[in-house]
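Residues per chain are reported as follows:
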Amino acid sequence: MPSINRYIMMISRYSNRFRDERLSGTGLRGKHCAYLLYIVRHPGTTQEAIAHELCVNRSSVTRQLALLEQSGFVERRQNETDSRAMEVYLTDKALSVLPKIHETLHEWNALITAGFAPEERDAFSSLLSRAARLAQAVSDRLDADAPSVCEPAERGQHPV
């Protein structure tokens, strides 16, 4: 059987490269799309929730949010009831680029499924979602003492 991981990694790298190119001139990088799309669906979310949803460590989230904040795309505010928690909100600048992000993601999905019949596209999406859930289960078993940092979104809800 061919290396599934290799194909997944290739698609991920090419996807980031495509988004980087399409978003050039906006001040965003391809990896920022998932952050902004999660925050727009969950205004006031915490950095911890972002880390959990995007399957990245908290220090990476802190670093990326600092860059997005410096560029004027997000605003972080201290939670009124828990001074240790920071809530994250999109700015008007971020909201203005959301259509470009959505267009870019839809274009990428169309390009990598070009020539697929509609039922093949549905099957492809369903199988990827199922594989992500199984990968999460394996990860959870490997680290039974701590919850997984990754929780794939429901089908149709994932930002990428």
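Located above this text is the structure these notes cover.
Residues numbered from 1 in each chain as written. Predicted model: local features only at pLDDT ≥ 70, side-chain atom pairs only at ≥ 80, totals over all residues. Heavy atoms only, no water.

Enquirer: Hey, could you run me through the overall build of the protein chain in this one?
Expert: From N to C terminus, the protein chain includes six helices and three strands. In sequence order, the secondary structure elements of the protein chain are arranged as α-α-β-α-α-β-β-α-α. Out of the 160 residues in the protein chain, the part that is buried amounts to 29%. Taking as baseline every contact in the protein chain between residues at least 6 positions apart, the subset at least 24 positions apart corresponds to 53%. Total accessible area on the protein chain is roughly 10400 Å²; 54% of this is exposed by carbon and sulfur atoms. (Helix = DSSP H or I, 4+ residues; strand = E, 2+ residues; numbered from the N terminus. Buried < 20%, exposed > 50% of the residue type's maximum accessible area, 1.4 Å probe, protein only. Contact = heavy atoms within 4.5 Å. Areas by Shrake-Rupley, 256 points an atom, 1.4 Å probe, with all protein chains shown as cover.)

Enquirer: Would you mind going over the side chain of Gln47 with me for this structure?
Expert: Structurally, the position occupied by Gln47 is in helix H3 (residues 47-54). The exposure class assigned to Gln47 is buried, which follows from its relative accessible area of 17%. Of note is the side chain of Gln47, whose polar atom sits 3.0 Å from the side chain of Arg76. Sequence-distant contacts of Gln47, defined by excluding residues within four places in its chain, comprise Val61, Thr62, Leu65, Arg76, Met86 and Val88. (Polar contact = N/O pair within 3.5 Å; in protein donor to acceptor, adjacent residues only side chain to side chain.)

Enquirer: Can you walk me through unusual backbone geometry in this structure?
Expert: Glycine aside, residues mostly have negative phi, and peptide bonds are mostly found in the trans state. Although it is not a glycine, Cys55 sits at a positive phi angle of roughly 60°. Assignment of secondary structure puts Cys55 in the loop between H3 and helix H4 (58-70). Overall, Cys55 belongs to the partly exposed group, its relative accessible area being 33%.

Enquirer: Before we go on, may I ask you to explain the sheet that holds strand S3 (residues 86-90) in this structure?
Expert: Within a sheet, neighbouring strands are paired by backbone hydrogen bonds and run either parallel or antiparallel to one another. Pairing is antiparallel across the open sheet formed by three strands, whose spatial order is S1-S3-S2. The open sheet terminates on both sides in strands that have one partner only, identified here as strand S1 (45-46) and strand S2 (74-78). Of the strand pairs in this sheet, S2 and S3 are connected by five bridges, and their pairing is antiparallel. Within S3, the residue paired with Arg77 across the bridge is Glu87. The strands that helix H2 (residues 32-41) touches are S1, S2 and S3; relative to S3, the one it contacts most, it runs at about 100°. (Pairing = 2+ DSSP bridges. Axes fitted to C-alpha atoms, helices over the stretch in contact; angles between N-to-C directions.)

Enquirer: In this structure, what is going on with the packing of aromatic side chains? I would like to understand it.
Expert: Aromatic ring pairs: the centre-centre distance and the angle between the two ring planes describe each pair. Per the counting criterion, the structure on display carries two aromatic pairs. Sitting above the plane of the Tyr89 ring, Arg77 keeps its charged end 3.9 Å from the centroid. The side chain of Lys93 reaches across the aromatic face of Phe73, ending 4.6 Å from its centre. (Phe/Tyr/Trp six-rings, centres within 6.5 Å; stacked < 30°, edge-to-face > 60°. Lys NZ or Arg CZ within 6 Å of the ring centre and 35° of its normal.)

Enquirer: Can you help me understand the pattern of salt bridges in this one?
Expert: Side-chain pairs of opposite charge can arise where the charged atoms are in close proximity. Enumeration over the complete set of coordinates arrives at seven salt bridges. A salt bridge links Glu75 to Arg77, with the nearest nitrogen and oxygen atoms 2.6 Å apart. Classification of Glu75 by relative accessible area gives partly exposed; the value is 35%. A salt bridge links Asp82 to Arg84; its shortest N-O distance comes to 3.2 Å. With relative accessibility at 26%, the residue Asp82 sits in the partly exposed group. Arg84 sits in the exposed class, given a relative accessible area of 74%. The structure contains a network of salt bridges with shared partners spanning Glu21, Arg22 and Glu107. (Salt bridge = Lys/Arg side-chain N within 4 Å of Asp/Glu carboxyl O.)

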